[in-house]
Amino acid sequence: AFAGEAGGSLADLGEAPGGFGFGGTGKKVNGGAFAAYGECFGPGDVIHCEAERDAGRLRIGFAKNDEPLGVAFDIDDERGPGEGLFGVVSGKSFQVRLLSAECLPLDEAPGLDGFVEYDPPRMAVAVCDSLAASEDSLPLRAGETIHVSSDDGRGWLFGYFLDPEDPEDGGWVQAECLRFLDEDRGDWDSPPMASDDWGAPVPTANGATPAAPAGFSPAARASDGAGRATASEGGAPGAVEGLEAWLKGLSLQRYEAEATRWCAEMGAVSVDEVIENWQEFADALGLKPLERKRLAKAVAG
């Protein structure tokens, strides 16, 4: 892909009139408009990009594995003599090797040693807290589960919680911090509890139990004489059927104890009632911004 000017966000490559892109879906983009162009590409493919400025015209084309895909863009060249184009590779969850065709024939280009793409993604659980080492890293707490889509072969895995297309929902994690759930490893201990410095739910200023939100009236609830929700038959006090699995699906299982207490205090006896009052639920648990966003997307979807 090419950008017409330096600076700006690479995440918006192709949004501006001076940006020209070709993506793995086989579509080209310029000025925010996507159009069918070439073929899809993925791991192992070699993409050749070439730009030509001649007689007031700008032409940009691509090739896949030495097979030309044709001219993608043929437009008036409105750039001045001193204005150039910048080659750019932009995205997440992939690894590339950049080569100059003038220095090394493409058919002699070495492959990407060790890189593996998982399709479908594999589920993995964090066996320890993993702090974000860079903007591309994904912070994890021990016990959280993520979808792993690729392994760079150098000790890092790319994973995401729910949405692989959301830049804030995914990132790179050190392989030693994850265990794949489809591996039968009897030598693994249960994931340790996350350290307290991740931030426990924040209590109210006076330590009082939060008041029930306005309009909260569960259709059915079992209660004792004090008005507290009781356990369903054979369950733990305050147990809500399906709550554990629901939290796990959101990678929020760390909050199960707090969530169960909230349900008992508010009289919620089903996950549907939690969803109806998810904002109050998130406030009470003290969810972090990305956790809250994840919950909001799940509720809206």
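Preceding this section is the structure that the text describes.
A. Structural context of the overall build of the chain. When its secondary structure is counted, the chain shows five helices and 13 strands. Contacts spanning at least 24 positions in sequence make up 51% of the contacts within the chain whose residues lie at least 6 apart. If you sum the accessible surface of the chain, you get close to 17500 Å²; carbon and sulfur atoms cover 50% of it.

B. View of empty space enclosed by the protein. All told, the structure shown has one cavity of 30 Å³ or more when counted by the stated rule. When its volume is computed, the largest cavity comes out at roughly 70 Å³. What lines the largest cavity is Leu 162, Asp 163, Asp 166, Glu 168, Asp 169, Leu 290, Lys 293, Arg 294 and Lys 297. In terms of residue class, the lining of the largest cavity is built from two nonpolar, no polar and seven charged.

C. Here's a closer look at the sheet that holds strand S7 (residues 67–76). Spatially, S5-S6-S7 is the arrangement adopted by the three strands of the open sheet, whose pairing is antiparallel. Each having just a single partner strand, strand S5 (47–54) and S7 make up the two edges of the open sheet. For this sheet, the mean angle separating the axes of adjacent strands, direction not counted, is 15 degrees. With eight bridges connecting them, S5 and strand S6 (residues 57–64) associate as antiparallel partners.

What counts as what
Residues numbered from 1 in each chain as written. Predicted model: local features only at pLDDT ≥ 70, side-chain atom pairs only at ≥ 80, totals over all residues. Heavy atoms only, no water. Helix = DSSP H or I, 4+ residues; strand = E, 2+ residues; numbered from the N terminus. Contact = heavy atoms within 4.5 Å. Areas by Shrake-Rupley, 256 points an atom, 1.4 Å probe, with all protein chains shown as cover. 1 Å grid on protein atoms, 1.4 Å probe; cavity = no way out; pocket = protein on both sides within 12 Å on 5 of 7 lines; lining within 4 Å. Points joined across faces, edges and corners; volume = space filled by probe spheres on them. Nonpolar A, V, L, I, M, F, W, Y, C, P; charged D, E, K, R; others polar. Pairing = 2+ DSSP bridges. Axes fitted to C-alpha atoms, helices over the stretch in contact; angles between N-to-C directions.

Nothing here speaks to function; it is all geometry.
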